[in-house]
Amino acid sequence: MQDCLFCKFANGEIPVTKVYEDENFIIIRDINPQCKNHFLAIPKKHYKLLAEMTAEDSQTLGLILAKIPTLCNELELQNGYRLVINQGDDAGQTVPHLHIHILSGEKMGWNPAR
Ligand code: AMP
Ligand code: ZN
């Protein structure tokens with residue numbers, strides 16, 4: 001998609017240091033880390049919301065979710081980690097290209113599931 005920052009990162013139009021890349025997605029460091037380690041897993045295909053996913057997109061997202069824990073050294077996941085997907089305005093989604101925040105490397109205080 002034109003004028004999408006994360007598409008440009010994914011297709012190489014804007015250079016960015018990629019912690020990981022395969023045919024489905026890239027992982028980069030967040031420019032404004034909220035934790036000792038704050039990464040973004042960005043699917044190469046542009047869509048904003050989980051609600052927009054095709055069956056193929058959800059398969060790809062499953063592969064991405066399965067890959068993340070295999071990168072435990074690179075992402076420092078040994079002691080646990082948190083995944084966050086902001087969806088829409090109430091969640092404060094600022095980049096309209098689906099991405100998974102990966103937070104790790106320190107004890108996190110706020111547990112959204114409690
Ligand atoms: P969200 O608010 O869930 O849409 O998350 C967007 C994230 O992208 C924020 O955590 C930003 O800090 C991050 N971000 C924005 N621009 C960049 C950039 N140029 N490089 C890396 N991360 C970025
Ligand atoms: Zn995009």
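**Description of the environment of histidine 101**
- Looking at the secondary structure, you find histidine 101 in strand β5 (residues 100-104).
- Sequence separation between histidine 101 and alanine 51 is 50 residues; the distance between their C-alpha atoms is 18 Å.
- Excluding residues within four positions of it along the chain, histidine 101 makes contact with Asp30, His38, Phe39, Leu40, Arg82, Leu83, Val84 and Asn86.
- One polar contact links histidine 101 to histidine 38, side chain to side chain, over a distance of 2.9 Å.

**Examining the coordination of the zinc ion (ligand 2)**
- Only Cys4 (SG), Cys7 (SG), His46 (ND1) and His97 (ND1) from the protein coordinate the zinc ion (ligand 2), and they sit 2.0 to 2.3 Å from it.
- With four donor atoms in place around the zinc ion (ligand 2) and angles of 107 to 118° between them, the coordination shape is tetrahedral.
- Written as a sequence motif, the donor residues of the zinc ion (ligand 2) are C-x2-C-x38-H-x50-H. Here cysteine 7, found in helix α1 (residues 5-11), pairs with histidine 46, found in the loop between β3 (37-43) and α2 (55-67); they are 39 residues apart in sequence, far enough to count as distant.
- The exposure class assigned to histidine 46 is partly exposed, which follows from its relative accessible area of 23%.

**Some thoughts on the nonpolar core**
- Among the nonpolar cores identified, the biggest contains 15 residues, and Ile27, Ala41, Ile64, Ile68, Leu75 and Ile102 are the most heavily contacted of them.
- Contributions of two or more residues to this core are made by β2 (25-29), β3, α2 and β5.
- With sequence-adjacent residues up to four places away left out, isoleucine 64 is seen in contact with Asn24, Phe25, Ala41, Pro43 and Ile100.

**What about the site of ligand 1?**
- Near ligand 1 you find 16 residues, and of these Asp30, Asn86, Thr94, His99 and His101 are the closest.
- At 2.9 Å, a side-chain N or O of histidine 99 approaches an oxygen atom of ligand 1.
- For ligand 1, whose unbound accessible area comes to 510 Å², protein coverage reaches 81%.
- Looking at the shell around ligand 1, the elements that each hand over two or more residues are α1 and β2.
- The dominant element in the shell around ligand 1, judged by the number of residues it contributes, is α1, at three residues.

**So, the side chain of histidine 38**
- As for its placement among the helices and strands, histidine 38 is situated in strand β3.
- Those residues in contact with histidine 38, other than ones at most four positions away along the chain, are Ile28, Arg29, Asp30, Asn32, Pro33, His101, Ile102 and Leu103.

**A few points about a nonpolar patch on the surface**
- Together, Leu65, Tyr81 and Leu83 make up an exposed nonpolar region whose accessible area comes to about 240 Å².
- Topologically, leucine 65 is positioned in helix α2.
- Residue leucine 65 is classed as partly exposed on the basis of its relative accessible area, which comes to 39%.

Thresholds applied
- Residues numbered from 1 in each chain as written.
- Chains lettered and ligands numbered in written order.
- Predicted model: local features only at pLDDT ≥ 70, side-chain atom pairs only at ≥ 80, totals over all residues.
- Heavy atoms only, no water.
- Helix = DSSP H or I, 4+ residues; strand = E, 2+ residues; numbered from the N terminus.
- Contact = heavy atoms within 4.5 Å.
- Polar contact = N/O pair within 3.5 Å; in protein donor to acceptor, adjacent residues only side chain to side chain.
- Donors = N, O, S within 2.8 Å, 3.2 Å for Na, K, Ca; no water.
- Tetrahedral: all angles 85-135°; square planar, octahedral: opposite > 155°, others 65-115°.
- Buried < 20%, exposed > 50% of the residue type's maximum accessible area, 1.4 Å probe, protein only.
- Core = buried A, V, L, I, M, F, W, Y, C linked by side-chain atoms within 4.5 Å.
- Near = heavy atom within 4 Å.
- Areas by Shrake-Rupley, 256 points an atom, 1.4 Å probe, with all protein chains shown as cover.
- Patch = residues over 30% accessible without salt bridge, like charges linked within 9 Å, V, L, I, M, F, W, Y side chains within 5 Å.
- Salt bridge = Lys/Arg side-chain N within 4 Å of Asp/Glu carboxyl O.

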